[in-house]
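Next come the chains, spelled out residue by residue.
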Amino acid sequence: MTAAAQGTRAAPRGAGGWLLGVDSGGSGLRVALARLPRAGHTAGGPPEAVGTVTCPEPVRTGPAGIDAAHLSGQLVPAVRGLLADAGAAHLAAACVGAAGMATLGTGLRAELPGVFAAEFGVRRLALAADAVTGYAGALGERPGAVVAAGTGMIAMGTDLETWRRADGWGHLLGDCGSGAWIGRAGLEAALRALDGRTGGSRALRRRAEAVFGTPLSALPGQLYPRTDRAAVLASFAPEVARCAEEDAVAAGIVRAAAREIAAAAAAVCPGQEGGPPPAKAPAADRGSSGATPSLRPWP
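Just so it is clear, the structure is predicted and the values come from calculations on it, not from any experiment.

K.L.:
Sorry, what's going on with the overall build of the protein chain here?
P.N.:
The secondary structure content of the protein chain amounts to 11 helices and 12 strands. For the protein chain, with 299 residues in total, the buried portion stands at 40%. Taking as baseline every contact in the protein chain between residues at least 6 positions apart, the subset at least 24 positions apart corresponds to 61%. Counting every atom, the protein chain has about 14800 Å² of accessible surface; 56% of that belongs to carbon and sulfur.

Below you can see the structure in the form of structure tokens.
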């Protein structure tokens, strides 16, 4: 495990089938190892989580999309450590849910199957957008709508025949109501206060100067060159929430975020008229093809 990774580890548990779940988002990489029920246990029971690792550095995105080498460089040592602590050598299957998989995941789809096969003996790998894995974790095979809101924000809904998506367009074009959206709005209000423009907040200016230093006019130079801009913006969201208790501008930002999230959820609810165009759900899980998988029980 890399020095930057943090996690909880279980004592060795003996032989069994081992499953890996990976979530790659705007604020880092999270990895969980689970054990299939042992012989004699109730058939079809849920896997038992035995260890987790969090790598706080977000996976880089470049001109070619999500950086597969950067993801693998963090993932492989983390998984090796989890397997060693669990007394396991190989994985039966793995699932990776990554923000941006649908539009930026070409490199991941090309390279990760080989990495998992060579390093951990994986022959069954599912690659999907994090919104899809989030939906499966929350509702399984039931129709409904799920909002995944953290650094970014995306809503997914399905009637199990078609899928609807709202937002998830990244911190530059959307993710309205997300941590990055709240943080950016808070920093804008701080800079408005610095300029003396309307819509500014002296409380948010003070918090921004405490977090990012003075002069606040140097903030663009700190922020724009970074590849983890979304995570940096999101890191200011808790400051906006704290200021909202006494500052009207901050409170307005938080209320606006709630409205954006609710609007995205409403847009994807099954049967919602006037929502985004639906996408036909595939008939079967396509594994590592990168297509949205259908929701079906583990065989």
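K.L.:
What's the story with the nonpolar core in this structure? I'm lost.
P.N.:
The nonpolar side chains of a soluble globular protein tend to be buried, and buried together. With 42 residues, the main nonpolar core has Leu20, Leu33, Leu91 and Phe116 as its most contacted residues. Take this core: its biggest share by element is nine residues, from helix H1 (residues 68-86). Beyond its immediate chain neighbours, meaning those up to four positions away, Leu91 contacts Trp18, Leu19, Leu20, Leu33, Val79, Leu83, Phe120, Gly121 and Val122. Ranked by size, the runner-up nonpolar core spans 24 residues in total, among them Ala189, Ala208, Val232 and Ile253.

K.L.:
Where do I start with the confidence of the model for the protein chain in this structure?
P.N.:
The predicted structure's coordinates, where accompanied by low pLDDT, should not be read in detail. Residues of the protein chain with pLDDT of at least 70 account for 83%, and the chain-wide mean is 82. Low pLDDT, under 50, characterises residues 8-15; the predicted model gives this stretch 25 contacts beyond four residues in sequence or across chains. Here residues 280-299 is modelled with pLDDT under 50, and outside its nearest four sequence neighbours on either side it reaches 41 contacts, counting other chains as well.

K.L.:
Explain the packing of aromatic side chains to me, please; I cannot follow it from the model alone.
P.N.:
Think of a pair of aromatic rings as described by two things: how far the centres are apart, and how the planes are tilted against each other in angle. Applying the stated rule across the entire model yields three aromatic pairs. On the basis of an interplanar angle of 45° and a centroid distance of 6.0 Å, the ring pair of Phe212 and Phe236 is categorised as tilted. Placement of Phe212 in helix H7 (residues 202-212) and of Phe236 in the loop between helix H9 (229-234) and helix H10 (237-243) is noted, with a sequence separation of 24 residues between them. A relative accessible area of 15% places Phe212 in the buried class. Arg165 extends its terminal NZ or CZ atom over the ring of Trp169, reaching a point 3.9 Å from the ring centre.

K.L.:
Sorry, what's going on with the packing of helix H6 (residues 179-195) against H7 here?
P.N.:
Two numbers describe a pair of packed helices, the interaxial angle and the distance between the axes. Packing of H6 against H7 brings their axes to within 8 Å, and their N-to-C directions diverge by 105°. Accordingly, the angle class assigned to the pair H6 and H7 is roughly perpendicular. Of the residues in H7, those in contact with Gly186, Leu187, Ala189, Ala190, Ala193 and Leu194 of H6 are Arg202, Leu204, Arg205, Ala208 and Phe212. The residue makeup of the contact of H6 with H7, split by class, is eight nonpolar, one polar and two charged.

K.L.:
In this structure, what is going on with the packing of H1 against helix H3 (residues 106-120)? I would like to understand it.
P.N.:
Running from amino to carboxyl end, H1 crosses H3 at an angle of 25°, the nearest separation of the two axes being 11 Å. On the basis of the axis angle, H1 is roughly parallel to H3. For the crossing formed where H1 meets H3, the hand is right-handed. Here Ala68, Ala69, Leu71, Ser72, Leu75, Val76, Val79, Arg80 and Leu83 of H1 lie close against H3, whose contacting residues are Gly107, Leu108, Glu111, Leu112, Val115, Phe116, Glu119 and Phe120.

K.L.:
Please explain helix H4 (residues 130-139) as it appears in this structure.
P.N.:
Residues lying three or four places apart along an α-helix face the same way, a consequence of the helix completing one turn every 3.6 residues. Looking only at H4, the buried set comprises Ala131, Val132 and Tyr135. When H4 is viewed along its axis, its buried side chains cluster within an angular range of 100° and face the same direction. In the segment just after H4, Gly140 is the residue with positive phi, at about 60°.

Rules and cut-offs
- Residues numbered from 1 in each chain as written.
- Predicted model: local features only at pLDDT ≥ 70, side-chain atom pairs only at ≥ 80, totals over all residues.
- Heavy atoms only, no water.
- Helix = DSSP H or I, 4+ residues; strand = E, 2+ residues; numbered from the N terminus.
- Buried < 20%, exposed > 50% of the residue type's maximum accessible area, 1.4 Å probe, protein only.
- Contact = heavy atoms within 4.5 Å.
- Areas by Shrake-Rupley, 256 points an atom, 1.4 Å probe, with all protein chains shown as cover.
- Core = buried A, V, L, I, M, F, W, Y, C linked by side-chain atoms within 4.5 Å.
- pLDDT = per-residue confidence, 0-100.
- Phe/Tyr/Trp six-rings, centres within 6.5 Å; stacked < 30°, edge-to-face > 60°.
- Lys NZ or Arg CZ within 6 Å of the ring centre and 35° of its normal.
- Axes fitted to C-alpha atoms, helices over the stretch in contact; angles between N-to-C directions.
- Parallel < 35°, antiparallel > 145°, perpendicular 65-115°, else oblique.
- Nonpolar A, V, L, I, M, F, W, Y, C, P; charged D, E, K, R; others polar.
- Left-handed = near helix turned anticlockwise from the far one by under 90°.
- Arc of directions from axis to C-beta.

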